[in-house]
Amino acid sequence: MGDSSDSVSVDMETFSVAGKEHLVKTGRGSVSVVVFGDQDKPALITYPDLALNYMSCFQGVFFCPEAFSLLLHNFCIYHISPPGHEFLQLGAAVMSLDDPILSVDDLADQIAEVLDYFRLGKVMCMGVTAGAYILTLFALKYTQRVMGLILVSPLCKAPSWTEWLCNKVMTNLLYICGMCSLVKELLLLRYFSKQEVRGSVEVPESDVVQSCRRLLGERQSSNVLRLLEAINERPDITKGLRKLQCRSLIVVGENSPFHSEALHMTSKLDRRFSALVEVQACGSMVTEEQPDAMLIPLEYFLMGFGFYRPSQCNVSPRSPLSPTSISPELFSPESMGLKLKPIKTRFSGEV
């Protein structure tokens, strides 16, 4: 690892597994990385969507005991936050509007510097929407450093006119009003299905949405604005997708505003090495809205790399997988071209 003078480390007690937050200095500014697990294990890096950090984007899937045991058993997890979105224990400093705005290419290059700092070779990547785009761009630029991609409601094209206009409205509001209620509402509709955000008399707004709303209120509006401008200027990377040399798992909610883009991206990837999972009654942030829906696809995907659930872990009825019950054909690269059927994992509270 790099010299201790290049980073700040803070012990965290939020998770049952000890983690440390590092503020890593790069040639493009400092970036927060929270590390969980044994650093001798293969690395899994995560990158969140716009205005989020790992606590607000990935805690659902990592708080799911089965998914957490699967991932932590096989990987050391490095949660990378966009500049200015770091965990509050270190405090996100307000970035000056006079500072140069990092492009998406700069953000991808920044990831490479983080890997260099931790002396990481090939890594597994997991990103949500904007984070999925940045990790895909990283995989295109640094093909030899990516083992596989787990992309949740990903982007690959330049913004549509609808998205561009919505982002411009948010940019102006963030500049004039800060993180106001309208910006929060637009972001929540980006993350979650409309039913989840609006709620009703019978089914009130979920705890997940309420928690995300509170966390958005803690974001520095100028920092969010800078990342939003970078994402709104992103180029189309569709042509390069066929050149990706790693396996890819795409998970998208059927109610995500980026559902069609995820389907488009899947159609451009090499079908031998990619799989698509569409989750019913779910928005973009499957990791928070329906994290259980990711468990079985994750297990199948990771088995292709030789990763398994720990043997001492109790297997749930939702996860009837074990090394002895898997057909050998599932380990072949060709199996990754299958489109998995839409799944729904929301159960009634009544027995």
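Residues numbered from 1 in each chain as written. Predicted model: local features only at pLDDT ≥ 70, side-chain atom pairs only at ≥ 80, totals over all residues. Heavy atoms only, no water.

Caption draft 1: Layout of the overall build of the protein chain. Per the secondary structure count, the protein chain includes 13 helices and nine strands. Considering the protein chain as a whole, with its 351 residues, one finds that 56% of them fall into the buried category. Here the analysis covers contacts within the protein chain between residues at least 6 apart in sequence; of these, 76% occur between residues at least 24 apart. Put simply, the protein chain shows about 15200 Å² of open surface, and 54% of that area lies on carbon and sulfur atoms. (Helix = DSSP H or I, 4+ residues; strand = E, 2+ residues; numbered from the N terminus. Buried < 20%, exposed > 50% of the residue type's maximum accessible area, 1.4 Å probe, protein only. Contact = heavy atoms within 4.5 Å. Areas by Shrake-Rupley, 256 points an atom, 1.4 Å probe, with all protein chains shown as cover.)

Caption draft 2: Main features of helix α4 (residues 104–117). The terminal C-alpha atoms of α4 lie 20 Å apart, and with 14 residues this matches the ideal 20 Å at 1.5 Å per residue to within 8%. Those residues of α4 lying buried are Val104, Leu107, Ala108, Asp109, Gln110, Ile111, Ala112, Val114, Leu115 and Tyr117. Two residues or fewer after α4 comes Arg119, characterised by a positive phi angle close to 60 degrees. (Expected span 1.5 Å × (residues − 1).)

Caption draft 3: Representation of the packing of helix α3 (residues 65–74) against helix α13 (residues 295–303) in the model. Where α3 contacts α13, the two axes come as close as 10 Å, and the packing angle between them is 20 degrees. By the angle between their directions, the pair α3 and α13 is classed as roughly parallel. Handedness of the crossing formed by α3 with α13: left-handed. Taken together, the residues of α13 that come into contact with α3 (itself represented by Glu66, Ala67, Leu70 and Leu71) are Leu295, Leu298, Glu299 and Leu302. Residues belonging to the contact of α3 with α13 are distributed by class as follows: six nonpolar, no polar and two charged. (Axes fitted to C-alpha atoms, helices over the stretch in contact; angles between N-to-C directions. Parallel < 35°, antiparallel > 145°, perpendicular 65-115°, else oblique. Left-handed = near helix turned anticlockwise from the far one by under 90°. Nonpolar A, V, L, I, M, F, W, Y, C, P; charged D, E, K, R; others polar.)

Caption draft 4: Looking closely at helix α6 (residues 161–176). Helix length check: α6, at 16 residues, gives a terminal C-alpha distance of 22 Å against a target of 22 Å (1.5 Å per residue), a fit within 8%. Among the residues making up α6, those that are buried are Glu163, Asn167, Met170, Thr171, Leu173 and Leu174. Where α6 is buried, its residues meet α7 (181–191) and α10 (221–232). In the segment just after α6, Gly178 is the residue with positive phi, at about 80 degrees.

Caption draft 5: The arrangement of empty space enclosed by the protein in detail. For the structure on display, the rule yields two cavities of 30 Å³ or more. As a volume, the largest cavity reaches approximately 100 Å³. Around the largest cavity, the lining is made up of ten residues, and of these Pro83, Leu102, Leu107, Arg226 and Leu227 lie nearest the centre. If you tally residues by element for the lining of the largest cavity, the top one is α10, at four residues. Here the residues of the lining of the largest cavity are counted per class, giving eight nonpolar, one polar and one charged. Taken as a whole, the second largest cavity holds about 40 Å³ of empty space. In terms of lining, the second largest cavity is formed by Leu241, Leu244, Cys246, Ser248, Leu269, Asp270, Phe273 and Ser274. (1 Å grid on protein atoms, 1.4 Å probe; cavity = no way out; pocket = protein on both sides within 12 Å on 5 of 7 lines; lining within 4 Å. Points joined across faces, edges and corners; volume = space filled by probe spheres on them.)

Caption draft 6: Fine view of the pattern of salt bridges. This structure, assessed with the given rule, holds twelve salt bridges. The partner of Lys141 in a salt bridge is Asp105, and the shortest N-O contact between them spans 3.2 Å. Of this pair, Lys141 sits in helix α5 (residues 130–141) while Asp105 is found in helix α4, placing the two residues 36 residues apart along the sequence. We classify Lys141 as partly exposed; its relative accessible area is 36%. The exposure class of Asp105 is partly exposed, given its relative accessible area of 31%. (Salt bridge = Lys/Arg side-chain N within 4 Å of Asp/Glu carboxyl O.)

Caption draft 7: Geometry of the packing of aromatic side chains. A complete count under the given rule lists ten aromatic pairs for this structure. Geometrically, the ring pair formed by Phe301 and Phe305 is edge-to-face, given 5.3 Å between the ring centres and 70 degrees between the ring planes. A network of ring pairs unites the aromatic residues Phe58, Phe62 and Phe68 as a single cluster. Directly above the aromatic system of Tyr133 lies the positively charged group of Arg234, at a separation of 5.9 Å from the ring centroid. Its end group placed over the ring of Phe305, Arg247 keeps NZ or CZ at 5.6 Å from the ring centre. (Phe/Tyr/Trp six-rings, centres within 6.5 Å; stacked < 30°, edge-to-face > 60°. Lys NZ or Arg CZ within 6 Å of the ring centre and 35° of its normal.)

Caption draft 8: Layout of the nonpolar core. Ranked by internal contacts, the top residues of the largest apolar core, which has 106 residues, are Ile45, Tyr78, Ile111, Phe118, Leu149, Leu187 and Tyr191. Not counting residues up to four positions away in its chain, the partners in contact with Ile45 are Tyr78, Ile80, Ile111, Leu115, Val123, Met124, Cys125, Met126 and Leu135. (Core = buried A, V, L, I, M, F, W, Y, C linked by side-chain atoms within 4.5 Å.)

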